[in-house]
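Read off the chains here:
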Amino acid sequence: MQQIFLFLYRLRAILLFLALELLAGGIIFTHNSPQGAVFFNSSNKLVGNMLSVKNNFLSYFSLYSTNQALAEKNAYLLNRLDSVSPVLDSAVLSVDTVLSKNFEFWSARVVNNSIHLNQNYITLNKGAKDGIQEGMGVFNELGVVGRVKGTSSNFSTVISLLNTDLLISSKIKETEVFGSTKWDGLKSNEAKLLYVPRHVQIVPGQEIITSGYNAVFPEGISIGKIKAVNPGSETNYLDIKISLSVDFSKLNFIYLVKNDSREELDSLEIEMETAGP
C-alpha cells in the first residue's frame, strides 16, 4: 500500500494537471453551446460505435441458437403447409383422396459430414427419441441431401447424395421426363442423371427435381441443373451430367421428411411382387 501512495505522490503534478484539464473542459462544454454540441455529438458517436461492436460480438455467438430456432420454425411451417388440403375438383372421384400423401417434417443440425469418399455419410444431432426413423428423406433449403440410414437414441446417420450406393428418383422439371440421380464418385458438386433414353431432347440448364414416385421425398425438391449432355457410348441412354444444388461442404441445418403412407405403400408393393401375375 505504501508503494502505491509513493507512486501516486511522484505523479502528483501530472494527476493535478489532468484534473484541472477535465475541470476546464467541463466548464467550457457546460457554459458554451457550440463546444457543448460538438462534445455531445462526438461522445454519442463514440458510445454508439462501442455499443455496435459489443452487439455484433454478442450476436456472433448467438447465431447458432438463432439458426436452430429458424430451422425449427421452418419445419413447423412445412408441416402446417402440408396439412392444408387442396380444394378437390368436382370431377375428381373421392377415391382419389386415398392416393394423397401426407408428410411430416423435422429439423436437425449436421455434426459430422464427409465428402471425399465413395460412400459418404452425414451424422445428425437428432435420433429415435426425437422421432427420426430409418428411410426418412433429408434436404435443406437448396435441395436433396440424402436419406436416413440408421438411428440411435440421440443421433442419426444419413446416406449422403455423395454416395455411390444411393439412387434418387428424379425428373426434369420442364419436360416431366423421369430418371434416377446417382453420384459417380468424382466431384462433390456433380452427379449423373441415369436412364433417360437417347431420343429425349435435353437442354443444359434444365432443372432436376424429385419425382414423387417413391415414398421418401415429396415431388418438386431441387436436385440440380443439367450441366452437359452426351450420347451414351455403350447404352441406349444419354450421358447426363448434373450440377448439384446443395453445397455439401457447407452443410449445417437440414430438414427431414417422413411419408406417413410409406409403410402402407411398401407393404402393398411387396404383396404385389410376391403374388405374381
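Basis of the calculations
- Residues numbered from 1 in each chain as written.
- Predicted model: local features only at pLDDT ≥ 70, side-chain atom pairs only at ≥ 80, totals over all residues.
- Heavy atoms only, no water.
- Helix = DSSP H or I, 4+ residues; strand = E, 2+ residues; numbered from the N terminus.
- Buried < 20%, exposed > 50% of the residue type's maximum accessible area, 1.4 Å probe, protein only.
- Contact = heavy atoms within 4.5 Å.
- Areas by Shrake-Rupley, 256 points an atom, 1.4 Å probe, with all protein chains shown as cover.
- Patch = residues over 30% accessible without salt bridge, like charges linked within 9 Å, V, L, I, M, F, W, Y side chains within 5 Å.
- Salt bridge = Lys/Arg side-chain N within 4 Å of Asp/Glu carboxyl O.
- pLDDT = per-residue confidence, 0-100.
- Pairing = 2+ DSSP bridges.

**Re the overall build of the protein**
Along its length, the protein carries five helices and 12 strands. Classification of the 277 residues of the protein by burial places 31% in the buried group. Considering only contacts within the protein whose residues lie at least 6 apart along the sequence, 59% involve residues at least 24 apart. Taken as a whole, the protein presents about 18,100 Å² of accessible surface, with 59% of it coming from carbon and sulfur.

**Points about a nonpolar patch on the surface**
Together, Ile14, Leu15, Phe17 and Leu18 make up a nonpolar patch on the protein surface, roughly 390 Å² of accessible area in all. With respect to the element layout, Leu15 can be found in helix H2 (residues 12-31).

**Concerning the confidence of the model for the protein**
When pLDDT is averaged across the protein, the result is 77; 65% of the residues are at 70 or more. Under a pLDDT of 50 for its full length, residues 265-277 has, in the predicted model, four contacts with residues more than four places off or in other chains.

**Considerations on the pattern of salt bridges**
The tally for this structure, following the rule as stated, stands at five salt bridges. Put simply, Lys171, Glu176 and Glu219 are held in one network by salt bridges that share partners.

**Let's talk about the pairing of strand E11 (residues 239-244)**
On E11, burial follows the alternation: Ile240, Ile242 and Leu244 on one face are buried, whereas Asp239, Lys241 and Ser243 on the facing-out side are not. Relative to E11, strand E8 (residues 190-194) runs antiparallel, the two being bridged by four bridges. Bridging across to E11, Ala191 finds its partner in Ile242. Note: strand E10 (residues 222-230) against E11, six bridges, orientation antiparallel. Looking at E11, one finds that Gly224 is bridged to Leu244.

**Comments concerning the environment of Leu194**
With respect to the helices, strands and loops of the structure, Leu194 is situated in strand E8. On a C-alpha basis, the gap between Leu194 and Ser169 in space is 9.8 Å, while along the polypeptide they are 25 residues apart. What Leu194 contacts, discounting residues up to four positions off in sequence, is Leu167, Gly179, Ser180 and Lys182.

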